[in-house]
Amino acid sequence: MPILPGYPWRVPIRMCVGCRATGEQSELVRVARTASGFEVGRTAPGRGAWLHPGCGAQALKRRAIPRALRSDSGDPAQLAAVVVEVDALAPTWANQGSLH
Ligand SMILES: [Zn+2]
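Residues numbered from 1 in each chain as written. Predicted model: local features only at pLDDT ≥ 70, side-chain atom pairs only at ≥ 80, totals over all residues.

(A) Geometry of the overall build of the protein. Scanning the protein from terminus to terminus reveals four helices and five strands. Listed by position from the N terminus, the elements making up the protein come as β-β-β-β-β-α-α-α-α. Counting every position in the protein, which comprises 100 residues, the buried fraction comes to 28%. Considering only residue pairs separated by 6 or more positions, the protein has 52% of its internal contacts joining residues 24 or more positions apart. (Helix = DSSP H or I, 4+ residues; strand = E, 2+ residues; numbered from the N terminus. Buried ≥ 20, exposed ≤ 12 C-beta atoms within 10 Å, placed from the backbone. Contact = placed C-beta atoms within 7 Å.)

(B) Expanded view of unusual backbone geometry. Positive phi values are uncommon outside glycine, yet Arg-20 reaches one of about 65°. Its place among the elements puts Arg-20 in the loop between β1 (13-15) and β2 (22-24). Unlike most non-glycine residues, Arg-63 shows phi in positive territory, near 55°. Along the chain, Arg-63 turns up in the loop between α1 (56-61) and α2 (64-69). Taking the number of C-beta atoms within 10 Å as the measure of exposure, Arg-63 has 12 and is therefore exposed.

(C) Looking closely at the nonpolar core. Ranked by internal contacts, the top residues of the largest apolar core, which has 19 residues, are Val-17, Val-31, Ala-49, Leu-51, Ala-59 and Ile-65. Among the elements that take part in this core, helix α3 (residues 76-88) stands out by supplying four residues, more than any other. Ignoring any residue separated from it by four or fewer positions in sequence, one finds Val-31 in contact with Phe-38, Val-40, Gly-48, Ala-49, Leu-51, Ile-65, Val-82 and Val-86. (Core = buried A, V, L, I, M, F, W, Y, C linked by C-beta atoms within 7 Å.)

(D) Region of the structure containing the environment of Leu-69. You can see Leu-69 is positioned in helix α2. C-alpha separation for the pair Leu-69 and Ala-49, spaced 20 residues apart in sequence, amounts to 6.1 Å. When near neighbours in sequence (up to four residues on either side) are disregarded, Leu-69 contacts Arg-33, Arg-47 and Ala-49.

(E) Geometry of the pairing of strand β4 (residues 37-40). Of the strand pairs in this sheet, strand β3 (residues 29-34) and β4 are connected by four bridges, and their pairing is antiparallel. Among the inter-strand pairings, Thr-34 is bridged to a residue of β4, identified as Gly-37. Linking β3 back to β4 in an antiparallel pair, the connection comprises two residues. (Pairing = 2+ DSSP bridges.)

(F) Representation of the environment of Gly-48 in the model. For Gly-48, the location among the structural elements is in strand β5 (residues 48-51). The sequence separation of Gly-48 and Leu-69 amounts to 21 residues, and the corresponding C-alpha distance is 6.0 Å.

Structure below.
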């Protein structure tokens, strides 16, 4: 991970697979591929893709989530559902004033 100006090195930085901007880990939501589908959460096991709340639709269009997870896209309906779940977080997160 390159060192980015403006961020203290201690802050974990992740890249959003939707808009490809980087942000502090606390601003992004993690989507993991599980045996049964997809799961939103930092504690979900396995490889994760990070997204801003609100960037889910963009990621879906770019097929970025399966690519980030290095998996097949699974059930497209499940993927679409998890993206809706991510984007539904946007108002709450925006209200915290830390998004973007
Ligand atoms: Zn984004």
